[in-house]
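Residue strings, one per chain:
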Amino acid sequence: MLNLVLFGPPGAGKGTQSQKLIDHYQLMHISTGDIFRAHIKLQTELGKKVSQLIADGQLVPDAVTIAMLEEEVKQNPQAKGFIFDGFPRTVPQAEALDAFLAGINEKITAVIALDVTQEELTRRIAERHKVTNRPDDDAEKLKKRIEEYFTKTVQVLPYYEAQGKLDKINGIGNIDTIFADLCKVVDRFEV
Ligand code: ADP
């Protein structure tokens, strides 16, 4: 299996690049943000539990997120591999993912971080906010999400760096150029 973690702050382009990666490598995309939003829309028990936290730009507790992620992986035993988008966002999540994958004789192949300046992130999300209705894209909630990213999520980078799995890519510029850079990393593993 080819298991990728696509890493980056809110607005880094993880969703856009994931879509291109799925088409190119036929991987299964798991975006924890998308799954949470689907639960909220369907008003499931999980959706009710997390909707306020997400609307406020806070992270969902690790135990809830990890259980949901594992469920999603288990439901797709035929997958050629996974793109994890928006997960792991904390070190305990990264540890849980490693342990879980080890249990099914799998591992993370590579972690690719999209590097984007804070200025560009704010600009992109303000644009997105005009066309989508994500309540967590409003300026104040976004501030909270960026804070969560810089206090908790960035700590995941040294975790993977210590395993020699981290690659950083410039996330600003032409979408196809960024994608080509991503492919260069992935093609080192995919035969
Ligand atoms: P972003 O635009 O920041 O990439 P996402 O769509 O990935 O946003 O996630 C939206 C929200 O869902 C997050 O702000 C957080 O509240 C929740 N969420 C998503 N993934 C996780 C996770 N791995 N751990 C905790 N909370 C998460």
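Scroll up a little and you will see the structure.
In this report, the structure presented in the accompanying data block is examined.

Thresholds, definitions, all that
- Residues numbered from 1 in each chain as written.
- Predicted model: local features only at pLDDT ≥ 70, side-chain atom pairs only at ≥ 80, totals over all residues.
- Heavy atoms only, no water.
- Near = heavy atom within 4 Å.
- Polar contact = N/O pair within 3.5 Å; in protein donor to acceptor, adjacent residues only side chain to side chain.
- Areas by Shrake-Rupley, 256 points an atom, 1.4 Å probe, with all protein chains shown as cover.
- 1 Å grid on protein atoms, 1.4 Å probe; cavity = no way out; pocket = protein on both sides within 12 Å on 5 of 7 lines; lining within 4 Å.
- Sits in = over half its atoms within 2 Å of the grid points.
- Helix = DSSP H or I, 4+ residues; strand = E, 2+ residues; numbered from the N terminus.
- Nonpolar A, V, L, I, M, F, W, Y, C, P; charged D, E, K, R; others polar.
- Axes fitted to C-alpha atoms, helices over the stretch in contact; angles between N-to-C directions.
- Parallel < 35°, antiparallel > 145°, perpendicular 65-115°, else oblique.
- Left-handed = near helix turned anticlockwise from the far one by under 90°.
- Contact = heavy atoms within 4.5 Å.

1. Here's the deal with the site of the ligand
Logical step 1: Taken together, 19 residues form the shell around the ligand, and within it Thr32, Arg37, Gln58, Gln93 and Arg145 come nearest.
Logical step 2: The contact in question runs from an oxygen atom of the ligand to an N or O atom on the side chain of arginine 37, over 2.8 Å.
Logical step 3: In this structure, a nitrogen atom belonging to the ligand sits 3.0 Å away from a main-chain N or O atom of valine 60.
Logical step 4: Its free accessible area being 560 Å², the ligand has 96% of it covered by the protein chains.
Logical step 5: Applying the majority rule of atoms within 2 Å of the grid points places the ligand in the largest pocket.
Logical step 6: The greatest single-element share of the shell around the ligand, amounting to four residues, is contributed by helix α2 (residues 32–42).
Logical step 7: Residue composition of the shell around the ligand, grouped by class: six nonpolar, six polar and seven charged.

2. Side note on the packing of helix α6 (residues 118–131) against helix α7 (residues 139–151)
Logical step 1: At a minimum axis distance of 12 Å, the contact between α6 and α7 shows a crossing angle of 140°. As far as their axial angle goes, α7 and α6 are oblique. Crossing hand, α6 versus α7: right-handed. In contact with Gln118, Thr122, Ile125 and Arg128 of α6, α7 contributes Leu142, Arg145, Ile146 and Phe150.
Logical step 2: Residue composition of the contact of α6 with α7, grouped by class: four nonpolar, two polar and two charged.

3. Re the packing of α2 against helix α4 (residues 62–74)
Logical step 1: At a closest axis distance of 11 Å, the pairing of α2 and α4 adopts a crossing angle of 95°. With respect to α4, the axis of α2 lies roughly perpendicular. For the pair α2 and α4, contact is made by Thr32, Ile35, Phe36 and His39 and by Thr65, Met68, Leu69 and Glu72, respectively.
Logical step 2: Residues belonging to the contact of α2 with α4 are distributed by class as follows: four nonpolar, three polar and one charged.

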